[in-house]
Amino acid sequence: MTTGITVKLQLLRKPPHIKCDVTYRFDGYKVCIADNNYYVYDEVTEKEPDIDVKIASIEAKLLEMLVSEEYTPDEIVSSIDQKYRYIVERQYYGYGLLDPLLKDKDVIDIHIVLGQNAQVVHRKYGRLVTNISFSLDELREIVLRMASAAGKIVSEATPAVSFIEPQHEARVTVVYYSDITLRRGMSVDIRKQPEKPWTILKIIDLGTASIEEAAYLWLMIKYKVPIMIVGELLSGKTTFANALLNLLPSDARVMTIEDAPELRLHVPYWTRTTTREAEVNPITIFSILKVAMRITADYIVVGEVRGEEAREWAQAILLGHGGITTLHAESPEAALVRLTNPPIEVNPQALKLLNIFVKMIPLRTAGRMLTRRSELYVHEDRNLYPLFKYDSERDTIVLNEKLDPLGFKFLERVTIAHGVTREKLRKEYEAMKRVLREVYEEAKRKDSELETPDYKELPKILYAKLSEAMGS
């Protein structure tokens, strides 16, 4: 007599004959990066030669407990040796072999196409192919679990769905196995949010911005000058925006609007909103922006503008809100073309107030590490002035010596709005450069990876030192 119940635990194996360029560990897993590939495996498969025998024994124990019907799922899992428990947990509580990709804090995007090994975008090494693949049944099960957790329905009737998976707060987009894929394929794309966003110190350390450029952006942020960050897909726009947002004064009132929750702010007066995709009562960026313009927020931040919401965000700027947003465009020039033409057509008066553009430049080094550099442009009188430019020969970001950072006409608006003089702004900019350099060098001595001070601690340090430097 058979029960019809089977228990099969999947193991992640160490790839044979692979020479790793980079290795690291987390939560029982080991990662090996080599030749544009990302290999992840259970550490127990490397450490224990008789692992198959042990796993078979665990499977037998699980089967016996399941059949007896005397134990709760929690009791069954807790009965397993702690060393192997995560293998059982991912199978029955998590998302199977997808779990290590979701739990690796350096993986920011996961792309799965049925029949192919999953791809990831690694925070440091860019796009990599993994050693993980899924059968149709496995991928279906994962998608249905994720959709259920999010309270969404994915089926042949609703095959193209996007939702936020609540456990990992990740944006999941599914093209389900159905007539729209000719029943030949299925795709899943998962955009993860960083557990700890990089600070401006990390951005400086990676060479993405210079200290002088970062200080200038800090000055612009403090005085509510709107900033638009432009670049290609996965060029680091959101990472850069997160770092800049954590240069806000701690008493600032901020409202953020995103379609996937990626931003992490240190300010206590933060209204965080996300869009809602639904057939009934959908909530769009555009609809939230209309509400945002009626509240007394100092800054209105849109994760990414794509269409008519760019016009509404620009209108918020016209009403005196500060703000940061990102736009998919290859350059500030291309961004202005998008902003001034249908379907966006930003009000010309609002466009005059959009004075700061940051251009993100993705690079791949000889060691395959994906790096980013930035350039800063001032938009004034329908012209774009390259204030900080990337010098590819020296791999550094340099100030355009022909331009005075504090000499632009738009700063007159800042002096009037905030009751400061041009000389005060110049003095503050010089102080910000000194403070950033001092804090960066001190943090680098204490922690070469610049994990500390984190995004919550750093703003307090910077503003305290700035106040001291300005004698107030």
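Above: the structure in question.
Residues numbered from 1 in each chain as written. Predicted model: local features only at pLDDT ≥ 70, side-chain atom pairs only at ≥ 80, totals over all residues. Heavy atoms only, no water.

Caption draft 1: Molecular detail of the packing of helix 2 (residues 51-68) against helix 4 (residues 82-92). Helix 4 packs onto helix 2 with a crossing angle of 65° between their chain directions and a minimal axis gap of 12 Å. Like other packed secondary-structure pairs, helix 2 and helix 4 cross with a definite hand, here right-handed. Two secondary-structure elements touch here, helix 2 through Ile51, Lys54, Ile55, Ile58 and Leu62 and helix 4 through Tyr84, Ile87 and Val88. Split by residue class, the contact of helix 2 with helix 4 holds seven nonpolar, no polar and one charged. (Axes fitted to C-alpha atoms, helices over the stretch in contact; angles between N-to-C directions. Helix = DSSP H or I, 4+ residues; strand = E, 2+ residues; numbered from the N terminus. Left-handed = near helix turned anticlockwise from the far one by under 90°. Contact = heavy atoms within 4.5 Å. Nonpolar A, V, L, I, M, F, W, Y, C, P; charged D, E, K, R; others polar.)

Caption draft 2: Spotlight on the nonpolar core. Among the nonpolar cores identified, the biggest contains 65 residues, and Ile200, Tyr216, Ile356 and Leu436 are the most heavily contacted of them. With residues near it in sequence (within four places) discarded, Ile356 still touches Tyr216, Leu217, Met220, Val225, Pro226, Ile227, Met228, Leu376, Tyr377, Val378 and Phe410. The next biggest cluster of nonpolar side chains, apart from the first, holds 58 residues, and it includes Leu11, Ala34, Ala118 and Val188. (Core = buried A, V, L, I, M, F, W, Y, C linked by side-chain atoms within 4.5 Å. Buried < 20%, exposed > 50% of the residue type's maximum accessible area, 1.4 Å probe, protein only.)

Caption draft 3: Looking closely at the sheet that holds strand 10 (residues 227-231). If you walk across this open sheet you meet the nine strands as 12-11-13-14-10-15-16-17-18, and the pairing is mixed. Taken across any chain shown, the strands that pair with only one partner, and hence form the sheet edges, are strand 12 (270-274) and strand 18 (396-399). If you compare each strand with its neighbour and ignore which way they point, the axes differ by 25° on average. (Pairing = 2+ DSSP bridges.)

Caption draft 4: Local environment of the pairing of strand 3 (residues 37-42). With five of its six residues buried, strand 3 lies for the most part within the structure. Sheet analysis places strand 2 (residues 29-34) next to strand 3, joined by six bridges and oriented antiparallel. Pairing of Ala34 across the sheet is with Asn37, part of strand 3. Once strand 2 ends, the chain turns through two residues before running back antiparallel as strand 3, passing Asp35 with a positive phi of about 50°. In terms of strand pairing, strand 3 meets strand 6 (residues 126-130) through two bridges, oriented parallel. Considered in strand 6, the bridge of Tyr38 is made with Thr130.

Caption draft 5: Up close: the environment of Asp179. Take Asp179: it is sitting in the loop between strand 8 (170-175) and strand 9 (187-191). On a C-alpha basis, the gap between Asp179 and Pro159 in space is 8.6 Å, while along the polypeptide they are 20 residues apart.

Caption draft 6: Summary view of the environment of Val188. The topology assignment puts Val188 in strand 9. Put simply, Val188 and Glu169 are 19 residues apart on the chain and 16 Å apart in space, counted from C-alpha to C-alpha. With near-sequence residues (within four places) excluded, Val188 lies in contact with Ile110, His111, Ile112, Leu139, Val143, Val172, Thr173 and Val174.

Caption draft 7: Examining the sheet that holds strand 7 (residues 160-165) more closely. Read across the sheet, nine strands follow the order 1-2-3-6-5-4-9-8-7 without closing on themselves; strand pairing throughout is mixed. Edge positions in the sheet fall to strand 1 (22-26) and strand 7, since each has one partner strand and no second. The average angle at which neighbouring strand axes cross in this sheet is 20°, direction not considered. Alignment of strand 1 against strand 2, held across five bridges, turns out to be antiparallel. Directly across from Tyr24, in strand 2, lies its bridge partner Val31. Relative to the sheet, helix 6 (residues 136-150) contacts strand 4 (107-113), strand 7, strand 8 and strand 9, its axis offset from that of strand 7 by approximately 60°.

Caption draft 8: Seen up close, the packing of helix 10 (residues 285-292) against helix 11 (residues 308-318). For the pair helix 10 and helix 11, the least separation of the axes is 9 Å and the interaxial angle reads 10°. With respect to their mutual orientation, helix 10 and helix 11 come out roughly parallel. Counted together, Ile285, Phe286, Leu289 and Lys290 of helix 10 and Glu308, Glu309, Glu312 and Trp313 of helix 11 form the full contact between these two elements. Grouping the amino acids of the contact of helix 10 with helix 11 by side-chain chemistry returns four nonpolar, no polar and four charged. (Parallel < 35°, antiparallel > 145°, perpendicular 65-115°, else oblique.)

Caption draft 9: A look at the side chain of Asp99. Looking at where Asp99 falls in the secondary structure, it is placed in helix 5 (residues 99-103). Residue classification places Asp99 among the buried positions, given a relative accessible area of 5%.

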